[in-house]
Amino acid sequence: MGIVAEGITKRFGEFTALHDVSIEIEPGSLTALLGPSGSGKSTLLRVIAGLERPDTGRVLLDGKDVTGVPPQRRGVGFVFQHYAAFKHMTVHQNVAFGLRVRRRPRKEVRERVTELLQLVQLEGFADRFPAQLSGGQRQRMGLARALAVDPAVLLLDEPFGALDARVRKELRRWLRRLHDETHTTTLIVTHDQEEAMEVSDRIVLMNDGKVEQSGGPRELYEQPANEFVMGFVGPVNQIGEAFVRPHDLELSLHPNHATREAMVERLVHLGFEVRVELMLENGEQLSVQVTRDEAETLELERGQIVYVRPLRETVF
Amino acid sequence: MTVLSRWLLRYTALGYLAMLLLIPVGMVFYRTFEHGFWPAWHAITSPEAVHALEVTLEICAIVVPLNTVFGIVASLAIARSRFPGRGVFNALVDLPLALSPVVVGLSLFLLYGRLGWFGTWLADHGIQVLFALPGMVLATMFISLPFVVREVVPVLREIGVEQEQAAATLGASPWQTFWRVTLPAIRWGVAYGVVLTTARALGEFGAVSIVSGNLIGKTETLTLYVQNQYENFNVPGAYAASVLLALLAIAVLVVLTVLGRKKEA
């Protein structure tokens with residue numbers, strides 16, 4: 001089921017969270033709503049879920065206008081950043097909630113919950129309370145709870161934001177695999193560009209209540225629409241008017257007509273890659289990304305003079 | 001802090017509590033059982049005393065459920081919805097805490113008295129409010145109104161709206177969300193408020209004293225009974241009824257302590 005939001009404006013008092021935003025999400029896709037905090041991405045997600053009412057504009061799910069429809073009749077699954085677990089219910093009761101309020105037969109509920117707990121690898125935890133689970137387990141319970149009612153659309157609001165880095169990566173992969181199996185139209189809000197790139201087919205990049213660019217992860221990285229997009233989806237250096245990615249800079253020990261002189265200020269070893277921080281002759285700073293082998297061949301060390309040349313640069 | 005100043009602080013506080021609370025209450029217990037258990041037992045099992053206890057319990061049985069329902073509804077209005085005048089409403093709920101019970105009694109007297117706004121109409125329809133149970137219930141309701149609200153509103157604010165929103169996205173109607181999510185989440189706060197309401201209703205004197213007319217054996221509550229016995233020089237009877245009220249209060253304290261722990265958990 002596709003999602004369309006048209007001309008959505010949402011104000012909170014003086015603050016305009018969404019400024020005439022329109023997006024279109026393909027059925028069966030996994031799309032990331034990416035942006036810095038305060039960019040309006042969570043508000044847009046909540047408008048789609050029906051948890052916020054937009055001041056103007058309309059929301060269409062599967063082609064039907066649902067702008068005035070309350071959340072309980074939109075058929076969306078929503079996963080909250082801070083889990084929103086029902087604290088007084090066990091894991092089993094949490095996951096069963098959506099089915100229980102629909103008054104499904106007990107046997108069916110039990111079977112479906114068991115199946116979902118297997119899917120999210122919480123089989124042994126059915127009788128525990130949320131307080132007895134780790135953050136990662138709570139969020140998997142949140143996902144199972146949202147999936148229990150077979151939502152046509154799955155909406156995730158910074159679902160892994162409160163988890164530590166390792167668990168976050170694990171759950172990200174797991175979400176991607178889950179999507180590849182179920183093909184439920186999924187919209188995930190995140191401020192982490194790496195997460196957006198890793199997990200999604202498409203990215204809608206937002207800033208200041210507006211959409212800056214939408215497209216595939218590669219498209220955003222390689223053909224950014226503006227300076228903001230370029231800076232948000234990856235590290236970037238500014239040389240005069242031009243913007244260059246750290247891995248698009250070439251270092252050599254000998255000058256030629258296209259190079260500029262620079263001094264190595266710091267070397268940061270990050271395993272396979274080495275980040276070289278340079279200062280140009282005019283005092284501007286540059287960050288260059290080279291492989292460990294390249295760094296060894298150049299015998300880089302602090303205070304050394306090197307010559308740097310952009311291989312690919314972008315001017316807006 | 002030196003050992004001496006810590007010692008002083010501790011024993012000053014304890015001494016203060018002893019002077020104000022323990023010694024007076026202890027005195028009542030002592031006087032009651034001065035001549036053994038049975039005189040006290042006979043004093044509180046006299047028909048008048050039993051009737052007074054019945055009236056008190058009857059008032060509680062009506063007031064506490066009504067104020068609990070009102071308290072929960074008002075708490076939801078204050079913590080969950082936006083309406084014009086919400087701030088005023090929130091402040092008004094506290095009015096009974098600030099107003100002297102005597103004033104409450106007097107205002108009910110003016111309203112429901114023979115010449116009051118409602119009094120005339122009610123009298124024409126044969127409904128007696130003053131000097132009868134309805135008036136006493138109204139006075140007690142007014143006095144014990146804020147307790148559930150004051151306990152539940154902070155709990156509602158603390159749990160936030162996310163669980164309720166989650167329930168909504170899962171297909172629960174507002175009614176289902178209330179019964180299955182909100183009420184279980186606030187249950188210990190409600191229980192705490194109910195116990196405080198009960199304690200206040202049991203002990204109410206001033207407002208009830210005015211609207212009841214203090215008709216012995218009819219509109220006499222346990223607190224009024226204590227006063228009447230004292231004034232009629234039946235001091236043992238007054239002490240015995242006081243002990244009964246004090247025991248009820250201690251029971252309330254025990255329940256509050258247990259609930260307080262549950263609420264924290």
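Residues numbered from 1 in each chain as written. Chains lettered and ligands numbered in written order. Predicted model: local features only at pLDDT ≥ 70, side-chain atom pairs only at ≥ 80, totals over all residues.

## Digging into the sheet that holds strand β1 (residues 3-12) of chain A
All names here are of chain A.
Line of reasoning, step 1. Taken in spatial order, the four strands make up an open sheet running β2-β1-β4-β5, and their pairing is antiparallel. Since the sheet does not close on itself, it has two edges, and those belong to β2 (15-25) and β5 (64-65), each with one partner.
Line of reasoning, step 2. When strand β4 (residues 56-61) meets β5, the two strands line up antiparallel, connected through two bridges. Across the sheet, Leu60 pairs through a bridge with Asp65, a residue of β5. (Pairing = 2+ DSSP bridges. Helix = DSSP H or I, 4+ residues; strand = E, 2+ residues; numbered from the N terminus.)

## Examining the packing of helix α3 (residues 47-80) of chain B against helix α9 (residues 146-159) of chain B
Residues and elements named next belong to chain B.
Line of reasoning, step 1. The contact between α3 and α9 brings their axes to 8 Å, and the two run at 40°. With respect to α9, the element α3 is oriented oblique. Crossing of α3 against α9: the hand is right-handed. Residues Asn67, Thr68, Gly71, Ile72, Ala74, Ser75, Ile78, Ala79 and Arg80 of α3 touch α9, and the partners they reach there are Val148, Val149, Val152, Val153, Leu156 and Arg157. (Axes fitted to C-alpha atoms, helices over the stretch in contact; angles between N-to-C directions. Parallel < 35°, antiparallel > 145°, perpendicular 65-115°, else oblique. Left-handed = near helix turned anticlockwise from the far one by under 90°. Contact = placed C-beta atoms within 7 Å.)

## What to know about the sheet that holds strand β16 (residues 285-291) of chain A
Residue and element names in this part refer to chain A.
Line of reasoning, step 1. In spatial order, the strands read β13-β17-β14-β15-β16; together these five strands make up an open sheet with antiparallel pairing. Where the open sheet ends on each side, the last strands, each with one partner, are β13 (249-252) and β16. Neighbouring strand axes in the sheet, compared pairwise and without regard to direction, differ in orientation by 45° on average.
Line of reasoning, step 2. Taken together, the eight bridges between strand β14 (residues 260-270) and strand β15 (residues 273-280) define a ladder with antiparallel strand orientation. The partner of Leu267 across the bridge, within β15, is Val276.

## Details of the pairing of β13 of chain A
Residue and element names in this part refer to chain A.
Line of reasoning, step 1. The alternating pattern of β13 places Leu249 and Leu251 on a buried face, while none of Glu250 and Ser252, on the opposite face, is buried.
Line of reasoning, step 2. Looking at chain direction, β13 and strand β17 (residues 305-310) are connected through four bridges and run antiparallel. Opposite Leu251, over in β17, you have Val308 as the bridge partner. (Buried ≥ 20, exposed ≤ 12 C-beta atoms within 10 Å, placed from the backbone.)

## Focus: the interface of chain B and chain A
Line of reasoning, step 1. Contacts between the two partners involve 15 residues from chain B, matched on the other side by 19 residues from chain A.
Line of reasoning, step 2. Contributions of two or more residues to the side of chain B that touches chain A are made by α10 (162-169) and α11 (174-203) of chain B.
Line of reasoning, step 3. In terms of residue count, α10 of chain B provides more of the side of chain B that touches chain A than any other element does, seven residues in total.
Line of reasoning, step 4. For the side of chain B that touches chain A, the per-class residue count stands at eight nonpolar, six polar and one charged. (Nonpolar A, V, L, I, M, F, W, Y, C, P; charged D, E, K, R; others polar.)

## As for the environment of Gln93 of chain A
Line of reasoning, step 1. Its place among the elements puts Gln93 of chain A in helix α2 (residues 91-101).
Line of reasoning, step 2. Considering only alpha carbons, one finds Gln93 of chain A and Arg110 of chain A, 17 residues apart in sequence, at a separation of 9.8 Å.

## Re the nonpolar core
Line of reasoning, step 1. Counting residues in hydrophobic clusters, the biggest one holds 74 residues, and the most contacted among them are Leu33, Leu44, Ile48, Val95, Ala144 and Leu155 of chain A.
Line of reasoning, step 2. Contacts of Leu155 of chain A, omitting those with residues within four sequence positions, involve Leu45, Ile48, Ala49, Val76, Gly77, Phe78 and Leu187 of chain A.
Line of reasoning, step 3. Ala52, Val129, Val153 and Ala207 of chain B belong to the second-largest nonpolar core, a separate cluster that totals 55 residues. (Core = buried A, V, L, I, M, F, W, Y, C linked by C-beta atoms within 7 Å.)

## Side note on the domain arrangement of chain B
The parts lose accessible area when they come together, and the size of an interface is often stated as this lost area.
Residues and elements named next belong to chain B.
Line of reasoning, step 1. Here chain B is described as being made up of domain 1 (1-32) and domain 2 (36-264).
Line of reasoning, step 2. Of note, the centres of domain 1 and domain 2, computed from C-alpha atoms alone, are 30 Å apart.
Line of reasoning, step 3. Listed as interface residues are five residues of domain 1 and, on the opposing side, six residues of domain 2.
Line of reasoning, step 4. The residue makeup of the side of domain 1 that touches domain 2, split by class, is three nonpolar, one polar and one charged. (Domains from an automatic or database assignment.)

## Quick look at the confidence of the model for chain B
Residue and element names in this part refer to chain B.
Line of reasoning, step 1. Across chain B, the average pLDDT comes to 91, with 99% of residues at or above 70.
Line of reasoning, step 2. Here helix α7 (residues 117-124) stands out as the least confident element of chain B, with mean pLDDT 84; α10 is the most confident, with 96.
Line of reasoning, step 3. The ipTM value of the predicted complex is 0.88, and its pTM value is 0.86. (pLDDT = per-residue confidence, 0-100.)

## A closer look at unusual backbone geometry
Line of reasoning, step 1. One non-glycine residue, Asp62 of chain A, lies in positive phi territory at about 55°.
Line of reasoning, step 2. Mapped onto the elements of the fold, Asp62 of chain A is located in the loop between β4 and β5.
Line of reasoning, step 3. Overall, the presence of 14 C-beta atoms within 10 Å leaves Asp62 of chain A in the partly exposed class.
Line of reasoning, step 4. For Phe131 of chain B, which is not a glycine, the phi torsion comes out positive at approximately 55°.
Line of reasoning, step 5. Within the secondary structure, Phe131 of chain B is located in the loop between α7 and α8 (133-143).
Line of reasoning, step 6. For Phe131 of chain B, a count of 16 C-beta atoms within 10 Å gives the class partly exposed.

## A closer look at the domain arrangement of chain A
Line of reasoning, step 1. What the domain assignment lists for chain A is domain 1 (3-229) and domain 2 (235-310).
Line of reasoning, step 2. Just the C-alpha atoms count here: the centres of domain 1 of chain A and domain 2 of chain A sit 40 Å apart.

## Section: helix α3 (residues 106-119) of chain A
All names here are of chain A.
Line of reasoning, step 1. End to end, α3 covers 20 Å across 14 residues, agreeing with the expected 20 Å (1.5 Å per residue, within 8%).
Line of reasoning, step 2. Listed as buried for α3 are Val109, Arg112, Val113, Leu116 and Leu117. Along the long axis of α3, the arc covered by the buried residues comes to 135°, so they all point the same way. Exposed residues on α3 whose side chains face more than 90 degrees from its buried face are Lys107, Glu108, Glu111 and Gln118.
Line of reasoning, step 3. Turning to α3, the residues buried within the fold contact α2 and α4 (135-147).
Line of reasoning, step 4. Of the residues trailing α3, Gln121 is marked for its positive phi of about 55°. (Expected span 1.5 Å × (residues − 1). Arc of directions from axis to C-beta.)

## Focus on the environment of Glu261 of chain A
Residues and elements named next belong to chain A.
Line of reasoning, step 1. Considering the arrangement of structural elements, one finds Glu261 in strand β14.
Line of reasoning, step 2. Exposure remark for Glu261: the 13 C-beta atoms within 10 Å place this residue in the partly exposed category.
Line of reasoning, step 3. For Glu261 and His19, which are 242 residues apart along the polypeptide, the C-alpha to C-alpha distance reads 45 Å.
Line of reasoning, step 4. Apart from the residues within four sequence positions on either side, Glu261 is in contact with Pro255, Glu281, Ile305 and Tyr307.

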